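Tertiary structure, described
Below are the chains, spelled out letter by letter.
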Amino acid sequence: MNHKQFESWILDEHKLSDSQKADLLIHLAACPKCSQLDTGWQASRKLMKQAAAKTPEPGFSVRWQAFAEKKCQMKVIRRQRVSIFMALVVVFFLSLTYMVASGSFLHMLADIFTSATTLLFNMTKGLSSFGYWIGHMPVVVPLAVGFIFFGLINAFILVGLFTLWNIRQRKLQTDEIKTD
Amino acid sequence: MTNIEAECLTLALQGNQDAFTQIVDTYQNPVYNLCYRMLGNPQAAEDAAQETFWRAYSNLKRYDPERPFATWLLSIAAHHCIDQQRRKRLMTVDLDEIIEFSAEDPAPNPEKVIVESEFSEEIQRQLNGLNENDRAVLILRYFYELSEEEICQTLQISKSAVKSRLHRARQHMTDQWTTSQESQATERRQHESQTI
Ligand SMILES: [Zn+2]
């Protein structure tokens, strides 16, 4: 019987008949190569059986909860990004359609320019009417009311700044999650 | 699977994350051990085990209750680790990782643990030399005692692939063992000649 056959009997863990077992034993006694293979494989197998199972550091499931939390947040962020991207695509195609419908790119540019200047004009006009209106208010506003009015404006500005700062912080936190 | 686990699974399917945490608690050891044996480093094993449970949680609807839950989890872990290994092999070797790898696992003191850990480290050294596909098959066969049929299902490969991978892996482990025996013998001889 050839050498390959015995190698396969040793390594492939065949169910051997009694006569095959006897043949293998005879061959192992005569063939150092197969004998070494048999000893090596038996030892490796024993080593695998004896090796202790590795366990995670304590608190694995608690860490998993935190991990799952982060993954959920990332999912939300990804969904938001997809929505923004889709919105941009829609805007792009709408403007493309408009461009094609209006006939030329220059027309579209001119229209945008006109709309922007009209908007600016209306805004300055609105502001100057507001100034006019303030200028024609009765002058008998007491000083105390003036203080309250400016106090309120300051409070609004502070709240606005705080909200902006808060949004920035949150953005930083989500960026951290992303890079984790 | 116990009744409590089945109940947890039902709750988790309804989106109850706490119920799934119970499942994580129950299966953390087999999943972590597989990841460790596949990746050979505690940090990578921790990350892979966490990712395995997350993937299981997000794909719980795809779990077929006819199959054992543990096998399903091990299947996710094995696929993830094979992917990780493949990616790592494709990337250039990161020096930090080598340093981390050699500084791993400060051994706790009891002697019994040291002996077990020696076996464990020795076997890990031998496993590290195997390619990821052969390694997964060998680990499932000898650390988890899955049958060839179960390995086919877990890794979604043919029976002949399982057989040939097992053959290659056994051959590799045997060669590694022989080499380590030879180098130990050489070291002993050198030590003896030094003492004389
Ligand atoms: Zn032979």
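For the structure itself, consult the block above.
Residues numbered from 1 in each chain as written. Chains lettered and ligands numbered in written order. Predicted model: local features only at pLDDT ≥ 70, side-chain atom pairs only at ≥ 80, totals over all residues. Heavy atoms only, no water.

1. Brief notes about the overall build of chain B
Secondary structure assignment for chain B yields nine helices and zero strands. Along the chain direction, N to C, the helices and strands of chain B fall in the order α-α-α-α-α-α-α-α-α. Relative to its full complement of 196 residues, chain B shows a buried share of 44%. At a minimum sequence separation of 6, the contacts of chain B that also span at least 24 residues come to 64%. Here chain B has roughly 10,800 Å² of accessible surface; of this, 51% comes from carbon and sulfur atoms. (Helix = DSSP H or I, 4+ residues; strand = E, 2+ residues; numbered from the N terminus. Buried < 20%, exposed > 50% of the residue type's maximum accessible area, 1.4 Å probe, protein only. Contact = heavy atoms within 4.5 Å. Areas by Shrake-Rupley, 256 points an atom, 1.4 Å probe, with all protein chains shown as cover.)

2. Re the pattern of salt bridges
Across all of its chains, the model carries 14 salt bridges over all chains by this definition. Two residues, Lys 4 of chain A and Glu 7 of chain A, come together in a salt bridge whose shortest N-O distance is 3.6 Å. With Lys 4 of chain A and Glu 7 of chain A both in helix α1 (residues 3-11), this residue pair falls three residues apart, about one helical turn. A single network of salt bridges, built from pairs that share partners, joins Asp 12, Glu 13 and Arg 45 of chain A together with Arg 170 of chain B. (Salt bridge = Lys/Arg side-chain N within 4 Å of Asp/Glu carboxyl O.)

3. Topic: a nonpolar patch on the surface
On the surface, a nonpolar cluster with roughly 740 Å² of combined accessible area is contributed by Phe 149, Phe 150, Ile 153, Ile 157, Leu 158, Leu 161 and Leu 164 of chain A. Relative to the helices and strands, Phe 150 of chain A is located in helix α6 (residues 143-179). (Patch = residues over 30% accessible without salt bridge, like charges linked within 9 Å, V, L, I, M, F, W, Y side chains within 5 Å.)

4. A word on a positive patch on the surface
A contiguous patch of positive charge, built from Lys 75, Arg 78, Arg 79 and Arg 81 of chain A together with Lys 61 of chain B, is present on the exposed surface. Tracing the chain through its elements places Arg 79 of chain A in helix α4 (residues 60-102). Judged by relative accessible area, which is 54%, Arg 79 of chain A ranks as exposed. (Lys, Arg positive; Asp, Glu negative; His and termini not counted. Charge placed at Lys NZ, Arg CZ, Asp CG, Glu CD.)

5. With respect to the packing of aromatic side chains
All names here are of chain B. Tallied over the entire structure, the rule returns 16 aromatic pairs over all chains. Considering the side-chain rings of Phe 20 and Tyr 57, the 5.1 Å spacing of their centres and the 50° angle between planes classify their relative orientation as tilted. Placement of Phe 20 in helix α2 (residues 17-39) and of Tyr 57 in helix α3 (residues 42-58) is noted, with a sequence separation of 37 residues between them. Here Tyr 57 falls in the buried class, since its relative accessible area comes to 15%. The interplanar angle of 90° and the centroid separation of 5.1 Å between the aromatic rings of Tyr 63 and Phe 69 together place this pair among those described as edge-to-face. Judged by relative accessible area, which is 3%, Phe 69 ranks as buried. (Phe/Tyr/Trp six-rings, centres within 6.5 Å; stacked < 30°, edge-to-face > 60°.)

6. Some thoughts on the interface of chain B and chain A
The interface is formed by 40 residues belonging to chain B together with 32 residues belonging to chain A. Regarding the contact of chain B and chain A, the summed buried area is about 3,500 Å², with carbon and sulfur atoms giving 63% of it. On the surface where chain B and chain A come into contact, there are five salt bridges. With its nearest N and O atoms 3.7 Å apart, the salt bridge here joins Asp 12 of chain A to Arg 170 of chain B. Along the contact surface separating chain B from chain A lie 14 residue pairs in polar contact (both at pLDDT 80 or more). The dominant element in the side of chain B that touches chain A, judged by the number of residues it contributes, is α2 of chain B, at 12 residues. (Buried area = accessible area lost by both parts, 1.4 Å probe. Polar contact = N/O pair within 3.5 Å; in protein donor to acceptor, adjacent residues only side chain to side chain.)

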